[in-house]
Amino acid sequence: MSGALLVLYPGSFDPVTNGHLDIIQRACRLFDRVLVAVSTQVDKRPLFSLEERLEMLREVTAPLRRQVEVEAFDGLLVHYAVNRGAKAVIRGIRAVTDFDYEFQMSLMNRRLCEELETVFLVPAEAYTYLSSSLVKEVAGLGGSVTGLVPSQVERKLEEKLASERDRRKQSGGCRDG
Ligand code: PNS
């Protein structure tokens, strides 16, 4: 699509939540194309592999496939954005607590690339307390995450947590490291 306005939506997506999906849907109303960019560098050991995170995102954004693409990226976000011809980066802001980190990141990105704008979007109120980390913690401790993640992701979480439990049992209950 030449001349189409492309925006990046970067993140770890470990795993994608309904809050992320809400932001993707909002971005689709503002931009012609949305490129969901999955970071290969995640600080903590991710629960899901890069391939699994990409696959889940592709599955849940399938109804938006005319506008949404999902890709992995490594290195600096600004380099990737310039290479892909993106005009802006979307980040979701759920509460004031997100703001400090997001503000720092957007200013650092601006320092690295003056032309790249950061656009903050606010998800639906129902998702303001939602994060991938909380979803993993709740699901890991046997709580329900129905309604917080797409049903496909809920199934994948159950499978993944069951296989992690088996792995731990087989290794005699010892923790990694
Ligand atoms: O979902 P997250 O973990 O909050 O996403 C953070 C992410 C991946 C967007 C951020 O860490 C990032 O942009 N990483 C790429 C490396 C980079 O450009 N670092 C400088 C950011 S100012």
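This write-up is about the structure you can find in this document. (Residues numbered from 1 in each chain as written. Predicted model: local features only at pLDDT ≥ 70, side-chain atom pairs only at ≥ 80, totals over all residues. Heavy atoms only, no water.)

A word on the sheet that holds strand β3 (residues 68-73). Ordered by their spatial adjacency, 5 strands build an open sheet running β3-β2-β1-β4-β5, and the pairing between neighbours is parallel. Single-partner strands in this sheet number two, and they are β3 and β5 (117-121). Sheet twist, expressed as the mean angle between neighbouring strand axes with direction ignored, is 30°. Against the sheet, helix α1 (residues 18-30) makes contact with β1 (6-11), β2 (33-39), β3, β4 (88-92) and β5, and its axis sits at roughly 120° relative to β5, the strand it touches most. Contacting β1, β2, β3 and β4, helix α3 (residues 77-84) runs over the sheet at an angle of about 135° to β3. (Pairing = 2+ DSSP bridges. Helix = DSSP H or I, 4+ residues; strand = E, 2+ residues; numbered from the N terminus. Axes fitted to C-alpha atoms, helices over the stretch in contact; angles between N-to-C directions. Contact = heavy atoms within 4.5 Å.)

Per the stated rule, a full pass over the model turns up 4 aromatic pairs. Note on Y9 and F13: the rings are 5.4 Å apart at their centroids and 75° apart in plane angle, and the pair reads as edge-to-face. Of the two residues, Y9 and F13, both sit in the buried class. Note on F73 and Y80: the rings are 5.2 Å apart at their centroids and 20° apart in plane angle, and the pair reads as stacked. Exposure class is identical for F73 and Y80. Each is buried. Linked through ring pairs, F99, F103 and F120 together constitute an aromatic cluster. (Phe/Tyr/Trp six-rings, centres within 6.5 Å; stacked < 30°, edge-to-face > 60°. Buried < 20%, exposed > 50% of the residue type's maximum accessible area, 1.4 Å probe, protein only.)

Note on placement: N109 falls in helix α4 (residues 96-112). Taking relative accessible area as the criterion, N109 reaches 12% and is therefore assigned buried. For N109, the residues in contact, after removing those within four places along its chain, are L77 and V78.

One turn of the α-helix equals 3.6 residues, which is why residues spaced by three or four share an orientation. Among the residues of α3, those classed as buried are L77, V78, Y80 and A81. Looking straight down α3, one finds that the buried residues subtend no more than 160° of arc, so they occupy a single side. For α3, the exposed residues set more than 90 degrees away from the buried face come down to V82 and N83. Each element contacted by the buried residues of α3 is listed here: β1, β2, β3, β4 and α4. Of the residues trailing α3, G85 is marked for its positive phi of about 75°. (Arc of directions from axis to C-beta.)

Extensive coverage of β1 is indicated by the burial of 6 of its 6 residues. Neither face of β1 is open: one carries L6, L8 and P10, the other V7, Y9 and G11, and all of them are buried. Across 6 bridges, β1 lies against β2 in parallel orientation. Across the sheet, residue L6 finds its bridge partner in β2, namely R33. Crossover connection from β1 via α1 to parallel β2: handedness right-handed. Note: β1 against β4, 2 bridges, orientation parallel. Bridge pairing links V7 to A88 in β4. (Right-handed = clockwise from strand over helix to strand, strands pointing away.)

If you look at the biggest cluster of nonpolar residues, it comprises 34 residues, and the most contacted ones within it are V34, V36, L57, I90 and L157. Mapped onto this core, the elements with two or more residues apiece are β1, α1, β2, α2 (50-60), β3, β4, α5 (132-140) and α6 (151-170). By residue number, the principal contributor to this core is α1, which donates 5 residues. For V36, the residues in contact, after removing those within four places along its chain, are Y9, F13, I24, L57, V68, E69, V70 and E71. (Core = buried A, V, L, I, M, F, W, Y, C linked by side-chain atoms within 4.5 Å.)

Once that is clear, we can look at the pairing of β3. As paired elements, β2 and β3 share 6 bridges and run parallel to each other. Following the sheet pairing, V38 is matched in β3 by A72. Once you follow β2 into α2 and on to β3, the crossover reads as right-handed.

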